[in-house]
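Spelled out from the first residue to the last, the chains are:
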Amino acid sequence: MFITNDIRYIGVNDHQVDLFEGQYVVPNGMAYNSYVILDEKVAVMDTVDQNFGEEWLSNLRTELGERKPDYLVVQHMEPDHSGSVRGFMSAFPEAKIVSSAKAFTMMANFFEGEDFADRRVVVKEGDTLELGSHVLSFIAAPMVHWPEVIVTYDSTDKVLFSADGFGKFGALDVEE
């Protein structure tokens, strides 16, 4: 899916789930959204549910070509955003994780003690990350959904990566 010249959609659709988060009916499935920003440095925005990790990594590799990602930005620790963090970190051992301090605390709980201490970049309200021409600005958004949420604004393409704040609910490959 085309977003901008440098931002590509690499998410997946799940047509097997009938209840999102165990409570919301999704008759046509659910989209797990993830994006890659291709610049001098490469940033991946969120992962997907671990059941779709291989498909997602394949989507990512297609967009990367011969390149490797420098960063994985984890905006939200709910499993539809973070379920494939461990798979990503195994596939790309040089990459760093960018997230809030609270998200790293949660990672230790989610991933049996693994908090990626040697590969983390902790960000807070107002911090920025330069990728080249793209500058990512981080905005704390606790309790928009969960307490560790950050959203990320790309000032170059004027795109807000909103965690679970906005967007279409359900799979992207069906009309609703």
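Everything below is about the structure printed above this text.
Residues numbered from 1 in each chain as written. Predicted model: local features only at pLDDT ≥ 70, side-chain atom pairs only at ≥ 80, totals over all residues. Heavy atoms only, no water.

### Looking at helix α4 (residues 101-110)
Piece 1. Among all positions in α4, only Ala103, Phe104, Met106 and Met107 are buried. Angular distribution of buried residues about the axis of α4 spans 160°; they occupy a single face of the element. α4 presents Thr105 and Asn109 as exposed residues on the side facing more than 90 degrees away from its buried surface.
Piece 2. Looking at the buried residues of α4, the elements they touch are β9 (96-99) and β10 (120-122).
Piece 3. Positive phi appears at Glu112, one or two residues downstream of α4, with a value of about 50°. (Buried < 20%, exposed > 50% of the residue type's maximum accessible area, 1.4 Å probe, protein only. Helix = DSSP H or I, 4+ residues; strand = E, 2+ residues; numbered from the N terminus. Arc of directions from axis to C-beta. Contact = heavy atoms within 4.5 Å.)

### A short note on the pattern of salt bridges
Side chains bearing opposite charge may pair, as long as their charged atoms lie close to each other.
Piece 1. For the coordinates displayed, the defined rule picks out 4 salt bridges.
Piece 2. Arg8 serves as the salt-bridge partner of Glu63, at 2.8 Å between the closest nitrogen and oxygen. One end of the pair, Glu63, is in helix α1 (residues 53-64); the other, Arg8, is in strand β1 (residues 7-9), and 55 residues separate them in sequence.
Piece 3. Relative accessible area serves as the criterion here: at 26%, Arg8 is assigned to the partly exposed category.
Piece 4. A salt bridge links Glu112 to Arg86, with the shortest nitrogen-to-oxygen separation between them at 3.3 Å. Residue Glu112 is located in the loop between α4 and β10, and its partner Arg86 is located in helix α3 (residues 85-91); the two are separated by 26 residues in the primary sequence.
Piece 5. A relative accessible area of 33% places Arg86 in the partly exposed class. (Salt bridge = Lys/Arg side-chain N within 4 Å of Asp/Glu carboxyl O.)

### Looking at the environment of Lys124
Piece 1. One can find Lys124 in the loop between β10 and β11 (128-130).
Piece 2. Taking C-alpha positions, Lys124 is 8.1 Å from Ile150, a pair spaced 26 residues apart along the chain.

### Focus on the sheet that holds β10
Piece 1. Across the sheet, 6 strands lie side by side as β1-β6-β7-β8-β9-β10; this open sheet has mixed pairing. Both outer strands of the open sheet, β1 and β10, are each paired with one neighbouring strand and no more. Across the sheet, the axes of successive neighbouring strands diverge by a mean angle of 20°, strand direction being ignored.
Piece 2. Alignment of strand β8 (residues 71-73) against β9, held across 3 bridges, turns out to be parallel. Within β9, the position partnered with Val73 by the bridge is Val98.
Piece 3. Across the sheet, α4 is in contact with β9 and β10; its angle to β9 comes to roughly 120°. (Pairing = 2+ DSSP bridges. Axes fitted to C-alpha atoms, helices over the stretch in contact; angles between N-to-C directions.)

### Quick notes on the pairing of strand β7 (residues 42-45)
Piece 1. Residues Val42 and Val44 of β7 are buried on one face, and the alternating residues Ala43 and Met45, pointing to the opposite face, are buried as well.
Piece 2. Where strand β6 (residues 35-38) lies against β7, 4 bridges are found, and the strand directions are antiparallel. Across the sheet, Leu38 pairs through a bridge with Val42, a residue of β7.
Piece 3. Linkage of β6 to β7, two consecutive antiparallel strands, is achieved through a turn of 3 residues.

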